[in-house]
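Notes for the structure review
Chain by chain, the residues run as shown.
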Amino acid sequence: MRDVKLRIPGGGTTVIPGTPVDQVGIEERAAHFATRSIKKGSKFDALTLALQMVDLTTLEGADTPGKVRQMCGKARQPISPAQWAEITSGKEAEYPMIPSVAAVCVYPKQVPVAAEALKGTNIEIAAVSTAFPSGQLPRDLKLKDVKRTIELGATEIDMVIDRDAFLRGDYQTVFDEIVAVKDVCGHTHLKVILETGELQTYDKIRFASWLAMEAGGDFIKTSTGKAAVNATPGNTLVMLQAIADYHAETGKMIGMKPAGGIRTAKQAIQYLCMVRETLGASWLTPDLFRFGASVLLNDILRQMYKQITGRYADRRAFSLD
Amino acid sequence: MSVKVFKTVKLFIGGAFPRTESGRVVAVKLGANEANLCVASRKDLRQAVEAAEAAAGGWAKASAYNRGQILYRAAEMIEGRRPEFAQLFADTLGWDAARANREIDAGIDAFVYYAGFTDKLSQVRGAVNPVASRHHVFTTPEPVGVVGLILPDAFSFGAMCDDLASILAGGNSVVALLPLGDGGKGGCPAVLAPLAECLATSDLPGGVVNLLTGELAELAPWFGSHMEIRALSYRHEDRATLALIQKAGVENMKRVVAYGADTPPLKRITSFMEYKTAWHPVGA
């Protein structure tokens, strides 16, 4: 990639650097995080942190209000107090009731259902927008999509970039669209989904990350979860490094959300190590790091059970949604 | 000149042959050679249970007829490796040809016998129950899921195949511990490699059978407390460990079965099955 100069809507220009990524180096470093052993004392804390960072997600054509309500219940209370009391019996002081997750992530139509179910909590309602997951709609309809979704009660918008324009090299269109969406969002948190599985190279992932941050994204997110390749340690590391460099240059702290394919607590902890060692401890908060996941939550609960009781848990001991 | 290639004996987990994650081994005499036998850790056991749990659903849902065919094929595979087993038994345990053949015959017979039982279980143990309302009411035996199997120090190939096949026939998956016994001098580990290869090539889905070599004292508490091991067949001689496992198993309501040599085959199968009753409205 080479540096690309883009016009900023409303005046001025910006240069998106085409910094090359060392593919071998990135993959080697990413693989290295999978070989860490996390000591017992840190493990429970890491699990609790990972749980607080979950964007509990359901994005299916078959989603119903009932399913969304059920999921919101799980988001508020990942485990029932009765079950928690049973697990921590005799160690209540050491293990207070676990927190709720950061957000739920749903399709716009289900936003009012989630808003109703989460009333009185500080759980965010993220909604996918801009013709998720393909993004193949004219821009005016995408902006209407965002506007309406916010009106319905979404507090965070997960948008997809225009990969068609990006892969054709029309970066100005991609940039303008993110700027326009951010404009509609106002104070609503904007996460920009790069769909890294479709961007082909690490160079392009890094370029797209910078472009999205420069255009006003509050978070950058790996994937929709609908592509063949979703979040991988490699593409997440490239994006984290881009966030670090962007912070060094501009002072802005941009958030990161890997999504799709993170199914186990072990993987989640590896991602946390990666964040800690690339961006530092100040990024280890749900305000700046999220996991887009669904089954991950139950695996975190299972591993917590193991940490507390010393016994391996049965996956069927936890509610599915 | 040909270079002789010796076989490395490893664990059998999820259809693959990994070494123990712990890196621990014990040197044993295997045939005419020495071998480094894996000493499985609790993490290997955990991985084996993950694999068995993942495989349990598919194996339970496979038709009884198909399960029978696969168990029969396991018998065919053992038959095909008869010389290898016989050689191993002679070298390692000092058995003469007659004894080795008796044991191999017993192992093959066990797989063939239980292969034939798979599609007869629900006829023999199931029932159509008379009820007062207009319903058809059926009771059928169903597999419990992942079953642990702790084999004895005193090795018998026939008995070992009987233990495995009787659990598999009902549609359960197995995590078996072959105890190292006295520093690996027990007979079980000797048979690990060829038996695992027979099972791996008999169309059993990966993870339905998992074989670990390890220390009884180290792994027994984990067999007892692991919530996803739903039942346990305890065949080892050590009664104190049995009591320990039963105690650990009370908490998760695990069925711990330690049946004797005279336990009939049907009882061996149904020890690891539970009865489910379904009601269907007549005419619906």
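For the structure, see preceding data.
1. As for a negative patch on the surface
Residue and element names in this part refer to chain B.
- A cluster of acidic residues, Asp153, Asp182, Glu237 and Asp238, forms a negative patch at the surface.
- By the secondary structure assignment, glutamate 237 is in the loop between strand 8 (231–234) and helix 9 (239–251).
- Owing to a relative accessible area of 39%, glutamate 237 belongs among the partly exposed residues under this scheme.

2. Description of the state of the cysteines
Residue and element names in this part refer to chain B.
- Applying the stated rule across the entire model yields 0 disulfides over all chains.
- Looking at the unpaired cysteine 161, the closest cysteine sulfur is the one in cysteine 198, lying at 8.5 Å.
- With a relative accessible area of 0%, cysteine 161 lands in the buried category.

3. Digging into the nonpolar core
- Ranked by size, the top nonpolar core spans 99 residues in total, and within it A:Ile178, A:Leu211, A:Phe289, A:Phe291, A:Ile300 and A:Met304 carry the most contacts.
- With 9 residues, the single largest contributor to this core is helix 9 (residues 202–215) of chain A.
- Apart from the residues lying within four places of it in its own chain, the contact partners of A:Met304 are A:Phe44, A:Leu47, A:Thr48, A:Leu51, A:Trp84 and A:Ile98.
- Counting residues in hydrophobic clusters, the runner-up holds 65 residues, among them B:Leu30, B:Met77, B:Val144 and B:Ala196.

4. Topic: the packing of aromatic side chains
- Counted according to the given criterion, the structure contains 18 aromatic pairs over all chains.
- Relative to A:Phe291, the ring of A:Tyr271 lies with its centre 6.3 Å away and its plane at 85°, an arrangement referred to as edge-to-face. Of this pair, A:Tyr271 sits in helix 11 (residues 265–278) while A:Phe291 sits in strand 10 (residues 291–293), and the two are 20 residues apart along the sequence.
- Looking at A:Phe291, the relative accessible area reads 0%, which means it is buried.
- When the centroid spacing of 5.9 Å and the interplanar angle of 15° are considered together, the rings of B:Trp95 and B:Phe155 count as stacked. Linking B:Trp95 in the loop between helix 3 (82–93) and helix 4 (97–117) with B:Phe155 in the loop between strand 5 (146–150) and helix 6 (157–169), this pair joins segments that are 60 residues apart in sequence.
- Ring-pair connections join several aromatic residues into one group, and the members of that group are B:Phe85, B:Phe89, B:Trp95, B:Phe155 and B:Phe157.
- The ring of A:Tyr312 has A:Lys306 sitting right over it, with the charged end atom 5.2 Å from the ring centre.
- Sitting over the face of the ring of B:Trp222, B:Arg42 holds its NZ or CZ atom 5.3 Å from the ring centroid.

5. Side note on the interface of chain A and chain B
- Chain A puts 11 residues into the contact, and the matching count from chain B is 11 residues.
- In this structure, the connection of chain A to chain B is made through 6 salt bridges.
- Scanning the region where chain A abuts chain B turns up 8 residue pairs in polar contact (both at pLDDT 80 or more).
- Considering only residue class, the side of chain A that touches chain B consists of 3 nonpolar, 1 polar and 7 charged.

6. A closer look at the pattern of salt bridges
- Applying the stated criterion across every chain yields a total of 37 salt bridges over all chains.
- The partner of B:Glu228 in a salt bridge is A:Arg315, and the shortest N-O contact between them spans 2.7 Å. One end of the pair, B:Glu228, is in the loop between helix 8 (216–225) and strand 8; the other, A:Arg315, is in the segment after helix 12 (295–309), on a second chain.
- Through salt bridges with shared partners, one network takes in A:Asp55, A:Glu156, A:Asp158, A:Lys191, A:Lys221, A:Lys257 and A:Arg290.

7. Description of the sheet that holds strand 5 of chain B
Residues and elements named next belong to chain B.
- If you walk across this open sheet you meet the 5 strands as 7-6-5-8-9, and the pairing is parallel. The two strands at the open ends of the sheet, each matched to only one other strand, are strand 7 (209–214) and strand 9 (255–257). With direction set aside, neighbouring strand axes in the sheet form an average angle of 15°.
- Sheet analysis places strand 6 (residues 173–179) next to strand 7, joined by 6 bridges and oriented parallel. Bridging from a neighbouring strand, valine 175 pairs with asparagine 210 of strand 7.
- Running over the sheet, helix 6 touches strand 5, strand 6, strand 7 and strand 8 and is turned about 160° from strand 6.

8. Here's the deal with the environment of A:Met71
- Secondary-structure assignment places A:Met71 in helix 3 (residues 65–76).
- Put simply, A:Met71 and A:Ala126 are 55 residues apart on the chain and 13 Å apart in space, counted from C-alpha to C-alpha.

9. What to know about the pairing of strand 6 (residues 156–160) of chain A
All names here are of chain A.
- In terms of residue burial, strand 6 counts as a mostly covered element, since 5 of its 5 residues are buried.
- Pairing between strand 5 (residues 124–129) and strand 6: 4 bridges, direction parallel. Of the residues in strand 6, the one forming a bridge with valine 128 is aspartate 158.
- Sheet analysis places strand 6 next to strand 7 (residues 189–193), joined by 5 bridges and oriented parallel. By the bridge assignment, isoleucine 157 is partnered in strand 7 with leucine 190.

Analysis parameters
Residues numbered from 1 in each chain as written. Chains lettered and ligands numbered in written order. Predicted model: local features only at pLDDT ≥ 70, side-chain atom pairs only at ≥ 80, totals over all residues. Heavy atoms only, no water. Patch = residues over 30% accessible without salt bridge, like charges linked within 9 Å, V, L, I, M, F, W, Y side chains within 5 Å. Areas by Shrake-Rupley, 256 points an atom, 1.4 Å probe, with all protein chains shown as cover. Salt bridge = Lys/Arg side-chain N within 4 Å of Asp/Glu carboxyl O. Lys, Arg positive; Asp, Glu negative; His and termini not counted. Charge placed at Lys NZ, Arg CZ, Asp CG, Glu CD. Helix = DSSP H or I, 4+ residues; strand = E, 2+ residues; numbered from the N terminus. Buried < 20%, exposed > 50% of the residue type's maximum accessible area, 1.4 Å probe, protein only. Disulfide = S-S within 2.5 Å. Core = buried A, V, L, I, M, F, W, Y, C linked by side-chain atoms within 4.5 Å. Contact = heavy atoms within 4.5 Å. Phe/Tyr/Trp six-rings, centres within 6.5 Å; stacked < 30°, edge-to-face > 60°. Lys NZ or Arg CZ within 6 Å of the ring centre and 35° of its normal. Polar contact = N/O pair within 3.5 Å; in protein donor to acceptor, adjacent residues only side chain to side chain. Nonpolar A, V, L, I, M, F, W, Y, C, P; charged D, E, K, R; others polar. Pairing = 2+ DSSP bridges. Axes fitted to C-alpha atoms, helices over the stretch in contact; angles between N-to-C directions.

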